[in-house]
Amino acid sequence: MRTFIAVPIHPPRGLRKLLPKLEQLGPAVKPIAVDQMHITLKFLGTTELEDVMPISSILKKMRSEFPRLKLAFKGLGAFPRVDHPNVIWAGISDATLLTAMVDYLEQETEKLGYPLERKGFHPHLTLARVNARPADDLFQILQDRSDAEWGEVTVDTIKFYQSEMKSQRAQYHEMQTVKLYQR
């Protein structure tokens, strides 16, 4: 099975207002369903059944190591580049605690044989995927909202997900949910 560890995100009001605008850009732009939005902390990929319990133990330790946190979303961008978008994302103003979680997960999962992430962590919330040449309006939206402030959310859980491809869309199944402690 393919798995990853993430924090689920219910997008703030500003981003929820942006999503219909992205949806109106035609079939090339596929917004992410609000109930599937998350920030990936560690993509594990192919995961053997015998690794599920040790990964679960790592997450249980995290509940006492990391507090709930507030994330402020700011900016709009695209991977790999704004002029050639495959992914549309919202940035995060201060990702210090998220980065600490990622570092912790990298160290702990490496002990189980999972490789370290080579690209590094670029904290973002994926809003849409682009699978063809998008309407020119997308480039204007990206330019106009490159520094927009979208609002804040509280992150209070970490989830261990299984990812399954169904009719060309990924379906995420929660395998474990861990609540972070309150400061």
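Please read all numbers here as calculations on a predicted model, not as lab measurements.

Caption draft 1: Focus on the environment of Trp 150. Relative to the helices and strands, Trp 150 resides in strand 7 (residues 149-155). Trp 150 sits in the buried class, given a relative accessible area of 8%. Along the backbone, Trp 150 and Ala 90 are 60 residues apart, and their C-alpha atoms lie at a distance of 8.3 Å. Once residues within four sequence positions are removed from consideration, Trp 150 is found in contact with Pro 12, Arg 13, Gly 14, Leu 15, Leu 18, Phe 73, Lys 74, Gly 75, Leu 76, Ala 90 and Arg 145. In this structure the side chain of Trp 150 is engaged in a polar contact, spanning 2.9 Å, whose partner is the backbone oxygen of Gly 75.

Caption draft 2: View of helix 4 (residues 136-144). Buried within helix 4 we find Leu 138, Phe 139, Ile 141 and Leu 142. When helix 4 is viewed along its axis, its buried side chains cluster within an angular range of 160 degrees and face the same direction. Turned more than 90 degrees away from the buried face of helix 4, the exposed residues are Asp 136, Asp 137, Gln 143 and Asp 144. Looking at the buried positions of helix 4, the neighbouring elements they touch are helix 1 (13-23), strand 2 (29-31), strand 4 (69-81), strand 5 (84-92) and strand 6 (124-130).

Caption draft 3: Quick look at the environment of Ala 170. Relative to the elements of secondary structure, Ala 170 occurs in strand 9 (residues 169-179). Take Ala 170: its relative accessible area is 29%, and that puts it in the partly exposed class. A C-alpha to C-alpha distance of 31 Å links Ala 170 and Ser 64, two positions 106 residues apart in sequence. Excluding its chain neighbours within four sequence positions, the residues that come into contact with Ala 170 are Gln 36, Ser 163, Glu 164 and Met 165.

Caption draft 4: Examining helix 2 (residues 49-65) more closely. Compared with the 24 Å implied by 1.5 Å per residue over 17 residues, the 26 Å span of helix 2 between its first and last C-alpha is a close match. The set of residues buried in helix 2 consists of Asp 51, Val 52, Ile 55, Ser 56, Ile 58, Leu 59 and Met 62. Across the axial projection of helix 2, the buried residues extend over an arc of 160 degrees, all falling on one side. Residues of helix 2 that are exposed and point over 90 degrees away from its buried face: Glu 50, Met 53 and Ser 64. Residues of helix 2 that are buried make contact with strand 1 (2-8), strand 3 (38-46), helix 3 (96-110), strand 8 (157-166) and strand 9.

Definitions and limits used
- Residues numbered from 1 in each chain as written.
- Predicted model: local features only at pLDDT ≥ 70, side-chain atom pairs only at ≥ 80, totals over all residues.
- Heavy atoms only, no water.
- Helix = DSSP H or I, 4+ residues; strand = E, 2+ residues; numbered from the N terminus.
- Buried < 20%, exposed > 50% of the residue type's maximum accessible area, 1.4 Å probe, protein only.
- Contact = heavy atoms within 4.5 Å.
- Polar contact = N/O pair within 3.5 Å; in protein donor to acceptor, adjacent residues only side chain to side chain.
- Arc of directions from axis to C-beta.
- Expected span 1.5 Å × (residues − 1).

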